[in-house]
Amino acid sequence: MALWGGRFTEEADVRFKAFNDSLVFDYRMAIEDIEGSIGWAKAINSVGIITDDELVQLTKALQELLFEVEKDIHAIAHAGFEDIHSYVESKLIDKVGDLGKKLHTGRSRNDQVATDLKLWCKAQIKILQQSITSLESRLIQVAEANYDVVMPGYTHLQRAQPVTFGHWVMAYVEMLDRDYIRLTNALNLLDTCPLGSAALAGTAYPIDREALAKDLGFRRATRNSLDSVSDRDHVCELLNVASISMMHLSRMAEDLIIYNSGEAAFVELSDKVTSGSSLMPQKKNPDALELIRGKSGRVFGHLTGILATLKALPLAYNKDMQEDKEGLFDALDTWHNSLDMMSLVFEGIKIRKERVLSAAKGGYANATELADYLVSKGIPFREAHHIVGECVVYAIAQGKALEEMSVAEFKMFNDRIGDDVYPILEIDSILKKRCALGGVNLTRIKEAIAFMKEHIANR
Ligand code: ARG
C-alpha cells in the first residue's frame, strides 16, 4: 500500500508505478532508514507525541526489523513497495499495528531520504577509506621489496631518466593518500543532520534538532530547512572524489598495461588477474587492469549525470532527485571493487629486474648527466645541452650507449671531456645525485616508504 492514498480515487498505472518506484535500488538504505526512524521516535517522544511506553514498543519493533533486514538486505529489493521508507513503515505497522502509523508525525520523506542518504554516505566513506588503506599497504610492501630496482622513468612516453620501481609505486601511494584525505573532507562537510526539516519548511513540533543530530551520530543539525531537503552536494562531492581516484587507478592501470606489454616486458601479471584469448593460445591479457581503466569512464559519467540532474532544479525537493542514488551507488561500488582489484593485481605481480635495468640503461637516459658534467667543466648549460645532443646523434649512428663511447670519440664534440666522465654516466651515480626530498636517491626512497608506512598506521 502506498503512503499517500487518501487524495486519490484511481489506482496508479502499473507502468507509472514501475517507473516511479525506487525500492529496487534504495533498499540499500534500509539500515539507515531504520536507524533514522529510531532517532525520530525518540524526538517525537520528547515533545509528547508518543508516550514513553509507545516509544519502547516502536524502538523494539524497529530493532527487530533491523535484525531481520540485516540478515539479507537484498531480499527487500523486490518486495513491491514504492520505496524503502514505505517498506519500513509498512513492516512496522505489521508489527505494532496503529502505533506504527504515528511514527511519521512531523516527518516527511524529504527530510527522511536526505538523512538516510547522508547516513549511508558516512558508512560508505569508512568502508572506502579502509579499502584505500589496504591497497596502500599492499603497494608499500611492493615498494619496499623493489625500492632499488632500477627502471626507466618516462616523459612523453619516451625514456627520460632512471627511477626505481619502488619510487614509481610510491607515486601512486601519494595519490591514494590524497584520495583518502578527500574522503575525510567530504565527510566533514556532509556531517550535518537534515531530519526535522520535514517537507521543506521545518517540522511543526518543537523538537531539539541538535540533540536528534547528535543521537544519529552527526556533528550538528542543518541550519536551513529548504537547503536541508534539497542539498545533494555530498552526492556530487563523493562522485568527484571517486572520479579523481578512479583517474589515479586508471593511470596506474595504463602504466602497468604498458609495462606488461610484450614490447616492454617489465612485469608479469599473475594468472589470477589475466585472461586468455579464445583464438590465440599464446595470449595472456591484462583484463583486470583494462577493466579498471574502462570503469573509470563510467564513474566520471555518474558525476556529470548528477550535476546535470541538479543544475536547473528549483528549491526545494523535486522527484528528479531520486535519480541521485543509482549513479552514486554504482560509482562507489565500482570504485571499491577497483581498489580491491588493484590490490589483487599487486599480490602476484612479478618484476623482471634484469629487463627493467637494461631498459633504464638504454634510451640515453644518462644524457642529462653528461650535460651536467660539461657544466661542471665550466660550459654553460644551454651549450652543454647542444653538445650532448650531438653526442647522442653520433652514438645512435654507431649503435652505442653514451658510456660505450671512447674518450677520443667524446673529444670530437668537446675537448674538456675526459676519463672522469664514465663514473657519472653510471646509473648508481645518477640515482645518488638526486638526493633532495622526493628524489630517486635510494636513501630518500627508503625514507619516503618509512614515512608513508607510519602515516598510514597513524590514521
Ligand atoms: N524515493 C524518493 C527519493 O529518493 C524519496 C523521497 C520522496 N519524496 C516525495 N516527496 N515523493 O527521492
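Our subject is the structure listed above.
Residues numbered from 1 in each chain as written. Predicted model: local features only at pLDDT ≥ 70, side-chain atom pairs only at ≥ 80, totals over all residues. Heavy atoms only, no water.

(A) Representation of the packing of aromatic side chains. Scanning all chains against the criterion turns up nine aromatic pairs. Relative to Trp168, the ring of Phe165 has its centre 5.2 Å away and its plane inclined at 40°; by these criteria the two rings are tilted. Linking Phe165 with Trp168, this pair stays in helix H7 (residues 165–190), spanning three residues, or about one helical turn. Trp168 matches Phe165 in its accessibility class, with the two residues each being buried. An aromatic cluster of at least three residues, connected via ring pairs, comprises Phe165, Trp168, Tyr172, Tyr259, Phe266 and Phe346. Over the ring of Phe329 we find Arg28, and its NZ or CZ is 5.0 Å from the ring centre. The ring of Phe218 has Lys122 sitting right over it, with the charged end atom 4.5 Å from the ring centre. (Phe/Tyr/Trp six-rings, centres within 6.5 Å; stacked < 30°, edge-to-face > 60°. Helix = DSSP H or I, 4+ residues; strand = E, 2+ residues; numbered from the N terminus. Buried < 20%, exposed > 50% of the residue type's maximum accessible area, 1.4 Å probe, protein only. Lys NZ or Arg CZ within 6 Å of the ring centre and 35° of its normal.)

(B) Structural view of the pattern of salt bridges. Taken as a whole and assessed by the stated rule, the structure comprises 29 salt bridges. The salt bridge partner of Lys122 is Asp191, with a shortest N-O separation of 2.6 Å. Here Lys122 is found in helix H6 (residues 109–145), whereas its partner Asp191 is found in the loop between H7 and strand S3 (192–193), with 69 residues between them in sequence. Judged by its relative accessible area of 12%, Asp191 falls in the buried class. The residue Lys400 makes a salt bridge to Glu409 at a minimum N-O spacing of 2.9 Å. Residue class for Lys400 comes out partly exposed when judged on its relative accessible area of 22%. On the accessibility criterion, Glu409 (11% relative accessible area) is buried. Among the charged side chains, a salt-bridge network with shared partners connects Lys60, Glu64, Glu68 and Lys95. (Salt bridge = Lys/Arg side-chain N within 4 Å of Asp/Glu carboxyl O.)

(C) Here's a closer look at the site of the ligand. Looking at the ligand, the residues that line it are Ser22, Asp26, Asp83, His85, Arg109, Asn110, Val113, Tyr317, Gln322 and Lys325. At 3.2 Å, a side-chain N or O of Ser22 approaches a nitrogen atom of the ligand. One nitrogen or oxygen atom from the side chain of Lys325 is found 2.4 Å from an oxygen atom belonging to the ligand. Across the complex, the protein chains shield 87% of the 340 Å² of accessible surface that the ligand would expose by itself. Ranked by residue count, the leading element in the shell around the ligand is H6, at three residues. Counted by class, the shell around the ligand contains two nonpolar, four polar and four charged residues. (Near = heavy atom within 4 Å. Polar contact = N/O pair within 3.5 Å; in protein donor to acceptor, adjacent residues only side chain to side chain. Areas by Shrake-Rupley, 256 points an atom, 1.4 Å probe, with all protein chains shown as cover. Nonpolar A, V, L, I, M, F, W, Y, C, P; charged D, E, K, R; others polar.)

(D) Local environment of helix H3 (residues 30–46). Compared with the 24 Å implied by 1.5 Å per residue over 17 residues, the 25 Å span of H3 between its first and last C-alpha is a close match. For H3, the buried fraction is high: 13 of the 17 residues fall into the buried class. Downstream of H3 by one or two residues, Gly48 has phi in the positive range, about 80°. (Expected span 1.5 Å × (residues − 1).)

(E) Examining helix H13 (residues 353–361) more closely. Taken residue by residue, H13 has Val356, Ala359 and Ala360 as its buried positions. Each buried residue of H13 lies within a common arc of 100° when the element is viewed along its axis, so the set occupies one face. Here the buried face of H13 lies against strand S1 (150–155), strand S2 (158–164), strand S6 (350–351) and helix H18 (427–433). Once H13 finishes, Gly363 follows within two positions and takes phi at roughly 75°, a positive value. (Arc of directions from axis to C-beta. Contact = heavy atoms within 4.5 Å.)

(F) Looking closely at the packing of H3 against helix H5 (residues 84–96). Put simply, H3 and H5 touch, their axes get as near as 10 Å, and they point 55° apart. Classified by the interaxial angle, the pair formed by H3 and H5 is oblique. For H3 against H5, the interelement crossing comes out right-handed. Here H3 contributes Ala30, Asp33, Ile34 and Ser37 to the contact with H5, which in turn contributes Ile84, His85 and Val88. Taken together, the residues that form the contact of H3 with H5 break down as four nonpolar, two polar and one charged. (Axes fitted to C-alpha atoms, helices over the stretch in contact; angles between N-to-C directions. Parallel < 35°, antiparallel > 145°, perpendicular 65-115°, else oblique. Left-handed = near helix turned anticlockwise from the far one by under 90°.)

(G) Looking closely at a nonpolar patch on the surface. Residues Leu3, Trp4 and Phe8 make up a contiguous nonpolar surface patch of about 270 Å² in total accessible area. Within the secondary structure, Phe8 is located in the segment before helix H1 (14–20). Given the relative accessible area of 46%, Phe8 is considered partly exposed. (Patch = residues over 30% accessible without salt bridge, like charges linked within 9 Å, V, L, I, M, F, W, Y side chains within 5 Å.)

(H) Local environment of the nonpolar core. Grouped together as the largest cluster of nonpolar side chains are 114 residues, with contacts concentrated most on Trp168, Leu256, Trp335, Met342 and Phe346. Excluding residues that lie within four positions of it along the chain, Phe346 makes contacts with Arg138, Leu139, Val142, Trp168, Val169, Met252 and Leu256. Counting residues in each nonpolar core, the second largest holds 21 residues, with Leu370, Tyr394, Met405 and Ile417 among its members. (Core = buried A, V, L, I, M, F, W, Y, C linked by side-chain atoms within 4.5 Å.)

(I) Representation of the packing of helix H4 (residues 52–71) against H5. Axis separation between H4 and H5 bottoms out at 10 Å; the angle between their running directions is 120°. One way to sum up the angle between H4 and H5 is to call them oblique. The crossing of H4 and H5 is right-handed. Contact residues: Gln57, Leu58, Ala61, Leu62, Glu64, Leu65, Glu68 and Val69 in H4; Tyr87, Val88, Lys91, Leu92, Lys95 and Val96 in H5. Looking at side-chain class alone, the contact of H4 with H5 contains nine nonpolar, one polar and four charged residues.

(J) A look at the side chain of Thr222. If you trace the backbone, Thr222 turns up in the loop between strand S4 (220–221) and helix H9 (225–230). Residue classification places Thr222 among the buried positions, given a relative accessible area of 9%. Here Ser228 takes part through its side chain, which lies 2.7 Å from a polar atom of the side chain of Thr222. Those residues in contact with Thr222, other than ones at most four positions away along the chain, are Lys118, Thr192, Cys193, Pro194, Ser197, Arg209 and Ser228.

(K) Seen up close, unusual backbone geometry. Here the residue pair Leu315 and Ala316 is connected by a cis peptide bond, since its omega of 5° sits within 30 degrees of zero. Mapped onto the elements, Ala316 comes out in the loop between helix H11 (287–310) and helix H12 (324–347). Here His156, not a glycine, exhibits a phi torsion of approximately 55°, which is positive. Note that His156 resides in the loop between S1 and S2. Residue classification places His156 among the exposed residues on the basis of a relative accessible area of 74%. In this structure, Leu157 takes a positive phi of about 60° despite not being glycine.

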